[in-house]
Protein chains: 2
Amino acid sequence: MAAATSRDVARAAGVSQPTVSRALRGEPGMSPQTRQRIQDMAAALGYVPIDRGRSLSTRRTGRVGVVAPELTNPFYPQLIEPLRSELDAAGYRPLLVPERLEGDDALRVLADGSLDGVVLTTAVLGDQLPYLLSARGIPVVLTNRELDGAAFDVCVADNYRGGYEVAQLIADLGHRRVAAILGPASTSTARDRAAGFRTGLSERGIPLPADIATHSDFSYAAGFHQVSAMLDLTDPPTAVFCGNDVIALGVCNAAVSRGLSVGDDLTVIGFDDIPMSRWDVFSLTTVHCDLGEMAHAAIEMLLRRIAHAEHPAQRHTVAAELILRGSHGAPRDLR
Amino acid sequence: MAAATSRDVARAAGVSQPTVSRALRGEPGMSPQTRQRIQDMAAALGYVPIDRGRSLSTRRTGRVGVVAPELTNPFYPQLIEPLRSELDAAGYRPLLVPERLEGDDALRVLADGSLDGVVLTTAVLGDQLPYLLSARGIPVVLTNRELDGAAFDVCVADNYRGGYEVAQLIADLGHRRVAAILGPASTSTARDRAAGFRTGLSERGIPLPADIATHSDFSYAAGFHQVSAMLDLTDPPTAVFCGNDVIALGVCNAAVSRGLSVGDDLTVIGFDDIPMSRWDVFSLTTVHCDLGEMAHAAIEMLLRRIAHAEHPAQRHTVAAELILRGSHGAPRDLR
């Protein structure tokens, strides 16, 4: 048995479809008998109004899509949790799209009228999806990652500043042979963190040689394998900046598997402050951004965009804060 | 601008709504001129058919809801990934519901006609949601967790056998002071793993004293804090079975923070074989279930249920396999 629609109720009650909607929303303009008949039919058919309490005429569905195709990266569940609770507080239900959709597939899922707006968590540079959605009149907010020169509402961490502060820390500790495993060049997060890091090192006269400054996936395996190759060099690095914590945890594990002590033998710095970075076995020095603030700002922007399609695009930057734990130290020759 | 509907296209083209659907599905029965006019109007209005290539009359939407309210437990992203790819292979798009919904809220999201079926990943004992959905004619499959005595399609790991084999291993190693941190008693997974573990220990004459056999959240914090209390006892356990890997990783970190060596000083066994359990710093002995097989069987059941509402309920059990890594060993006094 497929679910009943308002059309089925209208047919069964012998009224029009708008009358069904008005009856079930409790709006005036019909006899109590008609309203009762419609309510009885709706109950008998098991019809559930999509958005009780909201105006069907403005097509508000009370649902927001959250596109999150990288759920196995533990950063994303941490971002989705406050997005979910912000949407809940605003009376919206989140629907997660756990895959990267393009073109017609994306429009069928995201632009079919079932969503009041869309939050994108993993835009990549050159991504067409926000343009596609926006052209269909779907309110869109980019969170965590952004696009260049595009007039979208955007809420991101201060990735440049975070990378810059990591460089300052590494320089202050006395490291001169410094490596970086930066994440995908196609993401604004990796790019901006890398730019801040390069500038910070450069201001202190520290090189970042191309053979030990690599782009990679944002993955544990990338961190593990890339640092292993670097540690095999005749002149291995004494400090590694990682584009995110997941890469950094791969680096820490590779170091441990070689009998190195993270902090003493190799300084490892991450970015994101995911829960695992706080675990005793890692105690990862990393960059924290308040994801509660990011989610709050993103949903506020989306609600404004839903209410005012023509509002000028806004940009909100969440501060980046260096968190000093146990994975950094001076290079051995300075101790 | 809200998204256009087939009704808008029908009005603009001066035809009925079913004619719009037939035109855009390429069905015969109209002049080429009419079809072209409808196609042009649909393009001009930006109308996207919900389910091109599927029959609107059987209300197949091509979408399946996956209820996954525990995404910050890294097990769930690992289960969602193969569910997503199985659905994709079957021509369905997954929509994740990242919250625990009940009653009317659940029906508004899951039983509004937008989904062809629903996969529940985190049923708790006594849960009404599968009954509610089923009563509305929504095909439902329970995966990972199940309910007692309910006629639903179910796909679960052999949790009892897994718990039993862990008990055998711990007994074979010579442990006599054995603890367990079992996860929530309200879940079939924790309950069945615990039952198998208790039976296995009991067959070998090993007690499982109530003060060191506790239920808890399936969380890192629960593992960390509960094992810390146990290790403070005058007669601390020498082995701990954990209801899932996340608990076990909390136990490992608590042990490390006290200067204990996991495997040498304390045997720690998990359940699930999440990616982190393979990391060098943990090398966790645990129980593996093939989540690809679980997802494949679950989606196969769901597709059959969508096609045949009256098909008898099926149950599929995925084998549990003990994975021996580095977190187990004989108690110190036997070495």
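Residues numbered from 1 in each chain as written. Chains lettered and ligands numbered in written order. Predicted model: local features only at pLDDT ≥ 70, side-chain atom pairs only at ≥ 80, totals over all residues. Heavy atoms only, no water.

Section: the overall build of chain A
And then number 1: Helices and strands together make up the secondary structure of chain A, namely 11 helices and 12 strands.
And then number 2: The C-alpha atoms of chain A give 25 Å as radius of gyration, which overshoots the globular expectation for 335 residues (20 Å, by more than 25%).
And then number 3: Considered along the principal axes of its C-alpha atoms, chain A spans approximately 90 × 40 × 30 Å.
And then number 4: In chain A, buried positions account for 56% of the 335 residues.
And then number 5: Of the contacts formed within chain A by residues at least 6 apart in sequence, a portion of 71% connects residues at least 24 apart. (Helix = DSSP H or I, 4+ residues; strand = E, 2+ residues; numbered from the N terminus. Rg over C-alpha atoms; globule rule 2.2 N^0.38 Å. Buried < 20%, exposed > 50% of the residue type's maximum accessible area, 1.4 Å probe, protein only. Contact = heavy atoms within 4.5 Å.)

Overview of the interface of chain B and chain A
And then number 1: Contacts between the two partners involve 51 residues from chain B, matched on the other side by 51 residues from chain A.
And then number 2: At the junction of chain B and chain A, the tally comes to four salt bridges.
And then number 3: Run the count over chain B and chain A and you get 11 residue pairs in polar contact (both at pLDDT 80 or more).
And then number 4: Residue classes in the side of chain B that touches chain A are distributed as 28 nonpolar, nine polar and 14 charged. (Salt bridge = Lys/Arg side-chain N within 4 Å of Asp/Glu carboxyl O. Polar contact = N/O pair within 3.5 Å; in protein donor to acceptor, adjacent residues only side chain to side chain. Nonpolar A, V, L, I, M, F, W, Y, C, P; charged D, E, K, R; others polar.)

Overview of the packing of aromatic side chains
And then number 1: According to the stated counting rule, one finds 13 aromatic pairs over all chains in the structure shown.
And then number 2: Summarising the aromatic geometry, the rings of F75 of chain A and Y76 of chain A are spaced 5.1 Å apart at their centres and angled 85° between planes, so their arrangement reads as edge-to-face.
And then number 3: Its relative accessible area of 2% is what places Y76 of chain A among the buried residues.
And then number 4: An aromatic cluster is built from Y220, F224, W279 and F282 of chain A together with Y220, F224, W279 and F282 of chain B, whose rings are joined through pairwise contacts. (Phe/Tyr/Trp six-rings, centres within 6.5 Å; stacked < 30°, edge-to-face > 60°.)

Some details on the relation of the copies chain B and chain A
And then number 1: Each copy of the sequence occupies a distinct position, and chain B is placed on chain A by a rotation of 180° and an axial shift of 0.0 Å, giving an RMSD of 0.1 Å. Seen this way, the second copy is the image of the first under a two-fold rotation axis. When each C-alpha of chain B is compared by its distance to the rotation axis, L96 of chain B comes out closest, at 2.3 Å.
And then number 2: Most of the interface of chain B is mirrored in chain A, where 100% of its interface residues are also at the interface. (Least-squares fit on C-alpha atoms with pLDDT ≥ 70 in both.)

Section: helix α9 (residues 220–231) of chain B
All names here are of chain B.
And then number 1: Over its 12 residues, α9 runs 16 Å from end to end, which matches the ideal 16 Å to within 8%, given 1.5 Å per residue.
And then number 2: Turning to α9, its buried residues are Y220, A222, G223, F224, V227, S228, M230 and L231.
And then number 3: Summarising the contacts, the buried residues of α9 are in contact with β6 (178–181), β7 (213–214), β8 (239–242) and α10 (245–257). (Expected span 1.5 Å × (residues − 1).)

Quick look at the pairing of strand β2 (residues 93–97) of chain B
Residue and element names in this part refer to chain B.
And then number 1: Taken across its five residues, β2 has five buried, putting it largely inside the fold.
And then number 2: Two elements, strand β1 (residues 63–67) and β2, share five bridges in a ladder whose sense is parallel. Across the sheet, the residue bridging to V67 is V97, located in β2.
And then number 3: After leaving β1, the chain enters helix α4 (residues 75–89) and then returns to the sheet as β2, a path that is right-handed. (Pairing = 2+ DSSP bridges. Right-handed = clockwise from strand over helix to strand, strands pointing away.)

Examining the nonpolar core
Across soluble globular proteins, you tend to see nonpolar side chains buried next to one another.
And then number 1: Of all hydrophobic cores here, the largest spans 150 residues; its most connected members are F197 and V268 of chain A together with F197 and V268 of chain B.
And then number 2: Sequence-distant contacts of F197 of chain A, that is, excluding residues within four places in its chain, are made with G163, Y164, V166, A167, I170, V178, A179, A180, L208 and F241 of chain A.
And then number 3: Counting 46 residues, the second-largest nonpolar core is a separate cluster that includes A106, L115, V140 and A150 of chain A. (Core = buried A, V, L, I, M, F, W, Y, C linked by side-chain atoms within 4.5 Å.)

Details of the sheet that holds β6 of chain B
Residue and element names in this part refer to chain B.
And then number 1: The strand order β7-β6-β8-β9 describes an open sheet built from four strands, whose pairing is parallel. Each end of this open sheet is capped by a strand with a single partner; those strands are β7 and β9 (267–269).
And then number 2: In terms of strand pairing, β6 meets β8 through four bridges, oriented parallel. Bridge pairing in β8 links A180 to F241.
And then number 3: Each of β6, β7 and β8 touches α9; the most contacted strand, β6, lies at about 155° to it.
And then number 4: The sheet strands contacting α10 are β6, β8 and β9, and the helix crosses β9 at an angle near 160°. (Axes fitted to C-alpha atoms, helices over the stretch in contact; angles between N-to-C directions.)

Describing the sheet that holds strand β9 (residues 267–269) of chain A
All names here are of chain A.
And then number 1: Taken together, four strands build an open sheet; the order of strands is β7-β6-β8-β9 and the sheet is parallel. At either margin of the open sheet sits one strand with a lone partner, and together these are β7 (213–214) and β9.
And then number 2: Relative to β7, strand β6 (residues 178–181) is paired through two bridges, and the arrangement is parallel. Counterpart to A180 in the pairing with β7 is A213.
And then number 3: The sheet strands contacting helix α9 (residues 220–231) are β6, β7 and β8 (239–242), and the helix crosses β6 at an angle near 155°.
And then number 4: The strands that helix α10 (residues 245–257) touches are β6, β8 and β9; relative to β9, the one it contacts most, it runs at about 160°.

With respect to the packing of helix α2 (residues 17–24) of chain B against helix α3 (residues 32–45) of chain B
Residues and elements named next belong to chain B.
And then number 1: Interaxial distance between α2 and α3 falls to 9 Å at its minimum, and their mutual angle equals 95°. One finds that α2 runs roughly perpendicular with respect to α3. Residues T19, V20, R22, A23 and L24 of α2 pack against R35, I38, Q39 and A42 of α3.
And then number 2: Each residue belonging to the contact of α2 with α3 can be placed in one class, and the counts come to five nonpolar, two polar and two charged. (Parallel < 35°, antiparallel > 145°, perpendicular 65-115°, else oblique.)

Description of the confidence of the model for chain A
All names here are of chain A.
And then number 1: Mean pLDDT over chain A works out to 91, with 95% of the residues at or above the 70 mark.
And then number 2: Across residues 50–59 the pLDDT falls below 50, and counting only partners more than four positions away or on other chains, this stretch makes 24 contacts in the model.
And then number 3: Listed scores for the predicted complex are pTM 0.82 and ipTM 0.81. (pLDDT = per-residue confidence, 0-100.)

Focus on the state of the cysteines
All names here are of chain B.
And then number 1: Evaluation of the coordinates by the stated rule reveals zero disulfides over all chains.
And then number 2: Between C155, a cysteine without a disulfide, and C289, which holds the nearest cysteine sulfur, the sulfur-to-sulfur distance is 10 Å.
And then number 3: The buried category is assigned to C155, whose relative accessible area is 0%. (Disulfide = S-S within 2.5 Å.)

Digging into helix α5 (residues 103–110) of chain B
And then number 1: Restricting attention to buried positions, one finds in α5 of chain B the residues A106, L107, R108, V109 and L110 of chain B.
And then number 2: Close packing links the buried residues of α5 of chain B with β1 (63–67) and β2 (93–97) of chain A together with β1, β2, β3 (117–120) and α6 (129–135) of chain B.

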